[in-house]
Amino acid sequence: MQGNQKICKIIEEFSLYILENSYANLNIDIKQDEYKTVLAFTLTYLEDHVKDYITQKIKGERDRQIEEYGWELMGEGDSDDDLGIINALIDEITFKEADEKTVIRMVRYE
């Protein structure tokens with residue numbers, strides 16, 4: 001149960017960031033199995049400066065301590081940047097560009 005709540009929190013915070021940066025066309029695909037959860041965010045072509053900012057904040061450096069005690073605080077304060085906490089909840093992030101779209105893929109291993 002708590003794993004699904006963390007996935008929903010990642011989706012909520014990342015979607016909010018994308019929408020606040022004027023990307024209105026966003027699709028989210030979730031694939032889960034017993035070993036991992038893959039989140040794929042597809043949006044119109046991502047500008048380089050936005051991609052660079054995301055890459056600085058989210059490197060896929062999962063931190064079990066923050067994951068255990070800090071994930072529930074995401075989105076609760078006045079911070080408009082919770083991408084750093086998303087970084088602690090995922091194991092990897094990749095970007096793929098095709099057909100004027102960007103796919104941001106986040107993986108979380110069980």
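This one's a predicted model, so the numbers in the text were calculated from it and none came from an experiment.

Calculation rules
Residues numbered from 1 in each chain as written. Predicted model: local features only at pLDDT ≥ 70, side-chain atom pairs only at ≥ 80, totals over all residues. Heavy atoms only, no water. Helix = DSSP H or I, 4+ residues; strand = E, 2+ residues; numbered from the N terminus. Buried < 20%, exposed > 50% of the residue type's maximum accessible area, 1.4 Å probe, protein only. Contact = heavy atoms within 4.5 Å. Areas by Shrake-Rupley, 256 points an atom, 1.4 Å probe, with all protein chains shown as cover. Salt bridge = Lys/Arg side-chain N within 4 Å of Asp/Glu carboxyl O. Pairing = 2+ DSSP bridges. Axes fitted to C-alpha atoms, helices over the stretch in contact; angles between N-to-C directions.

J.: Hey, could you run me through the overall build of the protein in this one?
T.: Looking only at helices and strands, the protein features 4 helices and 4 strands. In the protein, the succession of helices and strands from N to C terminus is α-β-β-α-α-α-β-β. Counting across all 110 residues of the protein, residues that qualify as buried make up 37%. Put simply, 67% of the contacts in the protein that link residues at least 6 apart link residues at least 24 apart. Element-wise, carbon and sulfur atoms account for 46% of the exposed surface of the protein, whose accessible area totals about 6,700 Å².

J.: So what exactly am I meant to see when it comes to the pattern of salt bridges here?
T.: Any two side chains of opposite charge can pair if their charged atoms end up close together. Here the structure, examined in full by the defined rule, presents 5 salt bridges. Note that D29 is salt-bridged to K31, the shortest N-O span being 3.9 Å. Exposure remark for K31: the relative accessible area of 55% places this residue in the exposed category. For K51, the salt bridge is made with E97, and the minimal N-O distance between the two is 3.2 Å. Taken together, the residues span a long stretch of sequence, with K51 in helix α2 (residues 48–57) and E97 in strand β3 (residues 92–98) at a distance of 46 residues. For E97, a relative accessible area of 31% gives the class partly exposed.

J.: Honestly, the sheet that holds β3 in this entry has me stumped. Any pointers?
T.: Where strands meet in a sheet, backbone hydrogen bonds hold them as pairs that are either parallel or antiparallel. Within the open sheet, the 4 strands sit side by side as β1-β2-β4-β3. Their pairing is antiparallel. Only two strands of the sheet have a single partner each, and these edge strands are β1 (26–32) and β3. Recorded for the sheet is a direction-independent mean angle of 15 degrees between the axes of neighbouring strands. By the bridge criterion, 9 bridges tie strand β2 (residues 36–44) to strand β4 (residues 101–109) in an arrangement that is antiparallel. Looking across to β4, one finds that F41 is bridged to I104.

J.: Explain the pairing of β2 here, please?
T.: Looking along a regular strand, one sees the side chains alternate between the two faces of the sheet. Note that β1 and β2 share 7 bridges and pair antiparallel. Pairing of K31 across the sheet is with V38, part of β2. Connecting β1 to the next strand, β2, in antiparallel fashion are 3 residues.

J.: Help me out: how do you make sense of the environment of L46 in this one?
T.: Residue placement: L46 occurs in the loop between β2 and α2. Judged by relative accessible area, which is 0%, L46 ranks as buried. With 56 residues separating them in the primary sequence, L46 and T102 have C-alpha atoms 5.9 Å apart. Contacts of L46, omitting those with residues within four sequence positions, involve Y23, K51, I54, F95, T102 and I104.

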